[in-house]
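Notes for the structure review
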Amino acid sequence: MTIAVTFLPRTAPAPLPPIAFIGGGNMASAIIGGLIQQGTPANAFEVVEPFEAARTKLAQSFGITAQAEAGEALSRCAVVVWAVKPQTFADAAKPVRAFAEDALHLSVAAGIPSDSIARWLGTERVVRAMPNTPALVGQGMTGLFARSDVTGADRALVSQLLTPTGELLWVDAEPALDAVTAMSGSGPAYVFYFIEAMTEAGVEMGLTPDQAQRLAIGTFTGASALAHSATEPPSVLRERVTSKGGTTYAAITSLEGADVKAQFKTAIRAAQKRAAELGEEFGRG
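Let me begin by describing the structure that accompanies this report. (Residues numbered from 1 in each chain as written. Predicted model: local features only at pLDDT ≥ 70, side-chain atom pairs only at ≥ 80, totals over all residues. Heavy atoms only, no water.)

**Quick notes on the layout of surface pockets**
- Considering only enclosed or pocket space, the second largest pocket measures out at about 790 Å³ in volume.
- For the second largest pocket, the lining is made up of 33 residues, of which Gly23, Gly25, Ala83, Val84 and Lys85 are closest to its centre.
- Breaking the lining of the second largest pocket down by element, the ones donating at least two residues are α1 (26-37) and α3 (89-97).
- Among the elements that take part in the lining of the second largest pocket, α3 stands out by supplying four residues, more than any other.
- Its residues placed into classes, the lining of the second largest pocket shows 20 nonpolar, nine polar and four charged. (1 Å grid on protein atoms, 1.4 Å probe; cavity = no way out; pocket = protein on both sides within 12 Å on 5 of 7 lines; lining within 4 Å. Points joined across faces, edges and corners; volume = space filled by probe spheres on them. Helix = DSSP H or I, 4+ residues; strand = E, 2+ residues; numbered from the N terminus. Nonpolar A, V, L, I, M, F, W, Y, C, P; charged D, E, K, R; others polar.)

**A closer look at the side chain of Ser107**
- With respect to the helices, strands and loops of the structure, Ser107 is situated in strand β4 (residues 104-107).
- A relative accessible area of 1% means that Ser107 is categorised as buried.
- With residues up to four places along the chain from it excluded, the contact list for Ser107 reads Trp82, Phe89, Ile117, Val127, Arg128 and Ala129. (Buried < 20%, exposed > 50% of the residue type's maximum accessible area, 1.4 Å probe, protein only. Contact = heavy atoms within 4.5 Å.)

**Thoughts on the environment of Pro209**
- Looking at the secondary structure, you find Pro209 in helix α8 (residues 209-229).
- Taking C-alpha positions, Pro209 is 6.9 Å from Thr199, a pair spaced ten residues apart along the chain.
- In contact with Pro209, not counting residues within four places along its chain, are Thr199 and Val203.

**Section: the pattern of salt bridges**
- The full count for this structure, using the stated rule, is ten salt bridges.
- A salt bridge links Lys94 to Asp91, with the nearest nitrogen and oxygen atoms 3.6 Å apart. Taken as a pair, Lys94 and Asp91 lie in helix α3 at a separation of three residues, close to a single helical turn.
- Look at Lys94 and you get exposed, because its relative accessible area is 62%.
- Between Lys273 and Glu277 there is a salt bridge, with the nearest N and O atoms lying 2.6 Å from each other. With Lys273 and Glu277 both in helix α11 (residues 260-282) and four residues apart, this pair spans about one turn of that helix.
- Several salt bridges converge on common partners, so that one network encompasses Lys273, Arg274, Glu277 and Glu281. (Salt bridge = Lys/Arg side-chain N within 4 Å of Asp/Glu carboxyl O.)

**Re a nonpolar patch on the surface**
- On the surface, Tyr193, Phe194 and Phe264 cluster together into a nonpolar patch covering about 300 Å² of accessible area.
- We classify Tyr193 as exposed; its relative accessible area is 57%. (Patch = residues over 30% accessible without salt bridge, like charges linked within 9 Å, V, L, I, M, F, W, Y side chains within 5 Å. Areas by Shrake-Rupley, 256 points an atom, 1.4 Å probe, with all protein chains shown as cover.)

**A closer look at the packing of aromatic side chains**
- Applying the stated criterion to the full structure yields six aromatic pairs.
- With centroids separated by 6.0 Å and ring planes inclined at 50°, the aromatic side chains of Phe21 and Phe45 adopt a geometry described as tilted. Placement of the pair is Phe21 in strand β1 (residues 19-22) and Phe45 in strand β2 (residues 45-48), with a sequence separation of 24 residues.
- Take Phe21: its relative accessible area is 0%, and that puts it in the buried class.
- Judged by centre distance (5.6 Å) and plane angle (85°), the ring pair of Tyr190 and Phe264 falls under edge-to-face. Separated by 74 residues along the polypeptide, Tyr190 in helix α7 (residues 187-204) and Phe264 in helix α11 bring together distant segments of the chain.
- Note on Phe264: relative accessible area 32%, which makes it partly exposed.
- Each residue in the set Tyr190, Tyr193, Phe194 and Phe264 is aromatic and connected to the rest through ring pairs, giving one cluster. (Phe/Tyr/Trp six-rings, centres within 6.5 Å; stacked < 30°, edge-to-face > 60°.)

**Section: the packing of α1 against helix α2 (residues 52-62)**
- Following both chains from N to C, one finds α1 and α2 inclined at 15°, their axes separated by 11 Å at the closest point. What the angle tells us is that α1 and α2 run roughly parallel. As for how α1 packs across α2, the hand of that crossing is right-handed. Contacts between α1 and α2 involve Asn26, Ser29, Ile32, Gly33 and Ile36 from the first element and Lys57, Leu58 and Phe62 from the second.
- Among the residues making up the contact of α1 with α2, the classes are represented as four nonpolar, three polar and one charged. (Axes fitted to C-alpha atoms, helices over the stretch in contact; angles between N-to-C directions. Parallel < 35°, antiparallel > 145°, perpendicular 65-115°, else oblique. Left-handed = near helix turned anticlockwise from the far one by under 90°.)

Spelled out as structure tokens, the structure:
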């Protein structure tokens, strides 16, 4: 018996509408770079970046001519991505508002509440995103919250825009973004901290710095990949490596004796608390 197989053509993502970026630093460059790699032309972007060095870098990297201040060119953009420092958001919003009344606004500025963004820009079509630095290599983890006026099509557009940076997670309640900030937003620093400690320990045990660092980074990379693909929870994966009386058991027993897990959880809660405080501080403008 002959079976006929039809291969359907892979559906390419729909072309993106013109997109504005307010701020042209690392996070904006990560998003722009990912979209350009997927075929979005450089002329689809409008970028407002006050610093000349950053404008030069955008021109060299992507062929984008960024502007030093907001202007009429923003009016053509269906989406405005806010990639500014939290403390500058309120002032940056004033000149942009007149040119972006009908746009969807996506903020990647840490901590600024959507109530403040909606007030500053005069629109309820606001999405907040909390990305992290692995987005720079397409391995990011981004938490997202949408206000009630954001449509399903708006959400799909935001997802299409951010997918090149890594994984996305939508949350239903905005306060959950403080937890996202504490976990994945600040999380890369925790991983780097443990890599530092493992590297230092390796050197103290006689390895070269390069050997110790390669072992530390490779271990985190491999363990993360295994945790990502496994059906069992991390606790089970840990138990499989921890034979009673063995080397791993000695290490885990030492960590538990020092109450490292509880201290680590306390540290993450401190980051969550600080995220909420920053939102209150920078959202007053």
